[in-house]
Every structure is written in C-alpha cells, then in structure tokens.
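# Observations on the model geometry
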Amino acid sequence: MSVIAFIGLGQMGAPMARNLLKQGHQLNVYDVAPKAVEALTQKGAIPCSTPAVAAEGAEFVITMLPNGDLVSSVLFGENGVCEKLSPEALVIDMSTIHPLQTDQLITKMIKMGFSMMDVPVGRTSDHAIEGTLLLLAGGTPQQIERANPILMAMGSELIEAGGPGMGIRVKLVNNYMSIALNALAAEAAVLCEALGLSFSVALDVMAGTPAGKGHFTTTWPNKVLKGDLSPAFMIDLAHKDLGIALDVANQLHVPMPLGAASREVYNQARAAGRGREDWTAILEHVRTSAGLKINID
C-alpha cells in the first residue's frame, strides 16, 4: 500500500479520498475546512496542518481543488507541498483548471526536479462516492503506469489522453460541449412546448438521431472525418431548415440565441462556397476559420 497526501476534501475530493482509504492506503489529508478533515480522520486518515506536512514522506500527492491559483498556492506557497516533497514522489492534479495554467505548473515542477501529471475526472459526485469516476490521464506512459493502481481506486475507467496537460484539455473540451449543448437542448425543448408537441415524442425521435446522439459519434465518422464531403444532407438544406425553425420560434416568441448563432456559422459556410457540400463540412469551415490546415486524425 502507498502513502498518499490528499489535498482538497470537497464534494468530489472527500469521497475520492475515502475510496483510497478503503483500499488500505495511508492517507495524509489537508483542507482549509476542519470538518472535512475530521470526517476523513474518523475513517482512518491522518490529519495534517499544512500541505507541506501532508506531502512529507508521501509517494503520491493528489490535489483536488476549485481553481488553478489554489493548486499553485498549495504546491509552491508558504508551507506548500514542494517544501517537503520527495523528488521520487508523483504529484497528480485532479482539479479542473485552465489548461495553460496546468502547463505552467507542470513546467515549474519539472524545473524544480519534481514529477507531475494531470488527471481530471468525469462524471458526478455520485460516481465519486461509488468509485466509478472517468479518469482522464494526462501524463507520460511511465507516470500513468505508476499511478494506475491509485487512480483505479477512485474510478472505473481510465483514458490515456496523451502527455502531461492533455487530461485537462480533453476535460475542458468535453465540458464545453456538454454545457453548451445543455442550453441548445433547452431551446429545442421549449420550442417543442410552444408548438404543442409532446416532449416524449421528441425524445423518442432525437434518441435515434444526431440531435440526441451527437455528431462526434454519428455523422462525422462517416463523412467529414473520412474526407468525404459529398452531400448526404447539404449545408444549403440545413440552413433552410434552421431558418424555418428560427422563424417559427420568432412567431411564437421563443428566444433562440444559440440557434441564431448557429445560423450565422451556416451563413459563413455558404458564403465560402460550401453550400452544396455535406452538412458535416461545417467542421472543415470552422477549422479553416481557425487557421488550421492539418486534418483531424
């Protein structure tokens, strides 16, 4: 069993720490909330007065904190982890923070002679309690192999995202898409209601179409990701249908700001001469607008 310092015992961190204790690991814990520390102490953890005390003698240091500034403070501040950290230890940041800040933290750790990887998590606090989190591991193959037994005490699935800093990148993109889609789905649901359409009918339909399944796993793999932009459903037709939906919504006084923003993307694609290409060519249009020239692998 390993000696682990766990710093950050919030809604996600506390159950993650408990699952490490269940696996028999020695856990040194630190949090600014005394009650959180006390709750873990009652489960067998060792309470620590500072991050430095928690890190002393630890083989692994796990941080699960609300933002990157706190991670930086815990690592490099007064009484921070690095004051007592062994060069042989592995620091695992499981927080959801700015990816460029993650890069800065890892670079600084390397310059100081320490090893650090990022493993943000997917799913919810219920999964944290159950030990079934999705683990998005950004690290070298050696770091991931070493951390694997520790990580799998907290999760049920581990995805190797690439080198250090790549875990938080894929977490960011995933959250961006799911959060934005939540708002777009709300627009669609309200349009159903305004039209007098049963939501259960809409649910049955969308569960089997790209509307519900998403383009990552339906239309894109069969068209644009294969380099095939021959039209199964043209951008011109998609633009027409989107326009009808927005016109109906306007007449029913249903606000559709995300739908309107999407129409502008289709307008731009048509202006760029892509109107008769497959609607998945929107990906290529956005890539070109971003100045990217290399095909997605």
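Residues numbered from 1 in each chain as written. Predicted model: local features only at pLDDT ≥ 70, side-chain atom pairs only at ≥ 80, totals over all residues. Heavy atoms only, no water.

## Brief notes about the nonpolar core
Grouped together as the largest cluster of nonpolar side chains are 34 residues, with contacts concentrated most on Phe-6, Met-16, Ile-92 and Met-94. Taken together, the elements giving at least two residues each to this core come down to strand S1 (3-7), helix H1 (13-22), strand S2 (26-30), helix H2 (34-41), strand S4 (60-63), strand S5 (90-93), strand S8 (133-138) and helix H7 (141-151). If one sorts the elements of this core by residue count, H1 sits on top with five residues. Apart from residues lying up to four places away in sequence, Met-94 is in contact with Met-16, Ile-62, Thr-63, Met-64, Val-119, Pro-120, Val-121, Leu-135, Leu-151 and Met-154. Counting residues in each nonpolar core, the second largest holds 25 residues, with Ile-7, Ala-55, Leu-75 and Val-91 among its members. (Core = buried A, V, L, I, M, F, W, Y, C linked by side-chain atoms within 4.5 Å. Buried < 20%, exposed > 50% of the residue type's maximum accessible area, 1.4 Å probe, protein only. Helix = DSSP H or I, 4+ residues; strand = E, 2+ residues; numbered from the N terminus. Contact = heavy atoms within 4.5 Å.)

## With respect to helix H8 (residues 166-194)
Taking 1.5 Å of rise per residue, 29 residues should cover 42 Å, and H8 covers 42 Å from first to last C-alpha, within 8% of that figure. Just downstream of H8 lies Gly-196, where phi reads positive at about 75 degrees. (Expected span 1.5 Å × (residues − 1).)

## Concerning the UniProt feature "binding site: 2,3-dihydroxypropane-1-sulfonate" (unreviewed entry) in the protein
UniProt feature "binding site: 2,3-dihydroxypropane-1-sulfonate" (unreviewed entry): in the numbering of this structure it lies at Arg-123, Asn-174, Asn-175, Tyr-176, Met-177 and Ser-178. In three dimensions, the annotated residues from a span of 56 residues occupy one location, with a maximal C-alpha spread of 14.3 Å. Along the chain, Asn-175 turns up in helix H8. Polar contacts involving the side chain of Asn-175 include one to the side chain of Asn-174, which spans 3.4 Å. Following the sequence through the fold, Ser-178 ends up in helix H8. (UniProt positions renumbered as here; feature names shortened; annotations may be inferred. Polar contact = N/O pair within 3.5 Å; in protein donor to acceptor, adjacent residues only side chain to side chain.)

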